[in-house]
Amino acid sequence: YGPKGEHIIAHALEGMFRTSTLPLNTIRPLDVKKFTDFILVPYVATSAIAHRFGITIAEAHTIRLDSRSAGIDLHPALDSDEELDQIYR
(Lines give C-alpha, C1' and ligand atoms only; values in the text may rest on other atoms or scores of the structure.)
Protein backbone atom coordinates (compact mmCIF):
# COMPACT_ATOMS: atom_id res chain seq x y z
CA TYR A 1 0.00 0.00 0.00
CA GLY A 2 3.00 2.27 0.28
CA PRO A 3 3.33 5.44 2.32
CA LYS A 4 -0.02 6.71 1.06
CA GLY A 5 -1.69 3.55 2.33
CA GLU A 6 0.06 3.95 5.67
CA HIS A 7 -1.37 7.47 5.99
CA ILE A 8 -4.85 6.33 5.02
CA ILE A 9 -4.81 3.43 7.50
CA ALA A 10 -3.48 5.65 10.31
CA HIS A 11 -6.14 8.27 9.57
CA ALA A 12 -8.89 5.64 9.57
CA LEU A 13 -7.66 4.25 12.90
CA GLU A 14 -7.59 7.74 14.41
CA GLY A 15 -11.17 8.25 13.28
CA MET A 16 -12.33 4.90 14.62
CA PHE A 17 -10.67 4.96 18.03
CA ARG A 18 -10.17 7.71 20.55
CA THR A 19 -6.51 7.56 21.40
CA SER A 20 -7.12 9.64 24.52
CA THR A 21 -8.85 6.63 26.07
CA LEU A 22 -5.99 4.23 25.35
CA PRO A 23 -4.37 3.08 28.62
CA LEU A 24 -0.78 4.20 28.05
CA ASN A 25 0.61 1.60 30.44
CA THR A 26 -0.52 -1.10 27.98
CA ILE A 27 1.72 0.19 25.19
CA ARG A 28 4.77 1.39 27.14
CA PRO A 29 7.50 2.16 26.26
CA LEU A 30 5.81 3.35 23.05
CA ASP A 31 3.69 6.46 22.82
CA VAL A 32 0.40 6.42 20.90
CA LYS A 33 1.95 7.63 17.61
CA LYS A 34 4.72 5.02 17.67
CA PHE A 35 2.27 2.28 18.67
CA THR A 36 0.02 3.26 15.76
CA ASP A 37 2.89 3.57 13.25
CA PHE A 38 4.86 0.48 14.24
CA ILE A 39 2.18 -1.94 15.45
CA LEU A 40 -1.35 -1.07 14.36
CA VAL A 41 -0.79 0.18 10.82
CA PRO A 42 1.43 -2.76 9.77
CA TYR A 43 -1.04 -5.20 11.35
CA VAL A 44 -4.03 -3.65 9.55
CA ALA A 45 -2.13 -3.60 6.23
CA THR A 46 -1.09 -7.24 6.67
CA SER A 47 -4.65 -8.22 7.59
CA ALA A 48 -6.00 -6.40 4.52
CA ILE A 49 -3.56 -8.26 2.26
CA ALA A 50 -4.49 -11.60 3.88
CA HIS A 51 -8.20 -10.88 3.44
CA ARG A 52 -7.81 -9.65 -0.15
CA PHE A 53 -5.89 -12.72 -1.29
CA GLY A 54 -7.40 -15.31 1.04
CA ILE A 55 -4.05 -16.20 2.58
CA THR A 56 -2.62 -16.51 6.09
CA ILE A 57 -1.31 -13.58 8.09
CA ALA A 58 2.20 -15.04 7.82
CA GLU A 59 1.96 -15.20 4.02
CA ALA A 60 0.52 -11.69 3.90
CA HIS A 61 3.34 -10.41 6.11
CA THR A 62 5.89 -11.77 3.65
CA ILE A 63 4.05 -10.16 0.73
CA ARG A 64 3.88 -6.82 2.58
CA LEU A 65 7.61 -6.85 3.23
CA ASP A 66 8.55 -8.10 -0.25
CA SER A 67 6.37 -5.49 -1.99
CA ARG A 68 7.41 -2.52 0.16
CA SER A 69 9.70 -0.94 -2.45
CA ALA A 70 6.97 -1.22 -5.10
CA GLY A 71 4.49 0.43 -2.72
CA ILE A 72 6.90 3.28 -2.07
CA ASP A 73 7.37 3.84 -5.81
CA LEU A 74 3.72 3.42 -6.81
CA HIS A 75 1.98 5.12 -3.87
CA PRO A 76 4.15 7.87 -2.38
CA ALA A 77 2.52 9.78 0.46
CA LEU A 78 2.87 13.23 -1.05
CA ASP A 79 2.14 12.63 -4.73
CA SER A 80 -1.22 14.38 -4.46
CA ASP A 81 -2.46 16.11 -1.35
CA GLU A 82 -5.84 16.64 -3.05
CA GLU A 83 -6.24 12.90 -3.50
CA LEU A 84 -5.52 12.27 0.18
CA ASP A 85 -7.96 15.03 1.18
CA GLN A 86 -10.69 13.32 -0.85
CA ILE A 87 -9.94 9.95 0.71
CA TYR A 88 -10.00 11.40 4.22
CA ARG A 89 -13.45 12.88 3.64
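Going along each chain's sequence as written, the residues are numbered from 1 onward. In keeping with the model being predicted, local features are shown solely for residues with a pLDDT of at least 70 and side-chain atom pairs are shown and tallied solely at 80 or more, while totals for entire chains, interfaces and linings include all residues. To obtain the side-chain values, all non-hydrogen atoms of the structure were used and water was disregarded.

The protein is annotated in an unreviewed UniProt entry as Restriction of telomere capping protein 4 C-terminal domain-containing protein of Suillus plorans.

### A few points about the overall build of the protein
The following threshold applies: Counting from the N terminus, the helices are DSSP H or I runs at least four residues long and the strands are E runs at least two residues long. The rule is simple: take the accessible area with a 1.4 Å probe, protein chains only, and divide by the maximum for that residue type; under 20% is buried, over 50% is exposed, in between is partly exposed. Contacts were defined at the residue level, with two residues in contact if any of their heavy atoms lie within 4.5 Å. Each accessible area value is a Shrake-Rupley result obtained with a 1.4 Å probe; residue values ignore everything except the protein chains displayed when judging cover.
A count of helical and extended segments in the protein gives five helices and zero strands. Seen in sequence order, the protein has helices and strands lined up from the N terminus as α-α-α-α-α. For the protein, the proportion of its 89 residues judged to be buried stands at 24%. Across the protein, every contact between residues at least 6 apart in sequence was considered, and the portion connecting residues at least 24 apart equals 59%. Counting every atom, the protein has about 6,700 Å² of accessible surface; 59% of that belongs to carbon and sulfur.

### Some details on the pattern of salt bridges
So the rule is basically this: Salt bridge criterion: a side-chain nitrogen from Lys or Arg within 4 Å of a carboxyl oxygen from Asp or Glu.
With the rule as written, the count across this model stands at one salt bridge. In this structure, the salt-bridge partner of Lys33 is Asp37, at a minimum N-O distance of 2.7 Å. Of this pair, Lys33 and Asp37 are both found in helix α2 (residues 32–53), four residues apart, which corresponds to roughly one turn of the helix.

### Thoughts on the packing of helix α1 (residues 2–16) against α2
In plain terms, the rule: Each axis is a line fitted through C-alpha atoms, and for a helix only the stretch in contact is used; angles between axes span 0 to 180 degrees, taken between their N-to-C directions. Throughout, the term roughly parallel applies to angles under 35 degrees, roughly antiparallel to angles over 145, roughly perpendicular to angles from 65 to 115, and oblique to all others.
Direction vectors running N to C along α1 and α2 enclose 100°, while the axes themselves pass 10 Å from each other. Judged on the interaxial angle alone, α2 and α1 are roughly perpendicular. Counting all contacts with α1, which are made through Glu6, Ile9, Ala10 and Leu13, the residues of α2 involved are Thr36, Leu40, Val41, Val44 and Ala45.

### A closer look at a nonpolar patch on the surface
Where we set the bar: For patch detection, residues must exceed 30% relative accessible area and be free of salt bridges, and they are connected within 9 Å for like charges or within 5 Å for nonpolar side chains (Val, Leu, Ile, Met, Phe, Trp, Tyr).
There is a patch of nonpolar side chains on the surface, built from Tyr43, Val44 and Ile57 and spanning about 270 Å² of accessible area. Within the element layout of this structure, Tyr43 appears in helix α2.

### Points about the environment of Ile57
One can find Ile57 in helix α3 (residues 57–66). Taking relative accessible area as the criterion, Ile57 reaches 40% and is therefore assigned partly exposed. Remark: the alpha-carbon pair of Ile57 and Thr46, spanning 11 residues in sequence, is separated by 6.5 Å. Setting aside residues no more than four positions away along its own chain, Ile57 makes contact with Thr46, Ser47 and Ala50.

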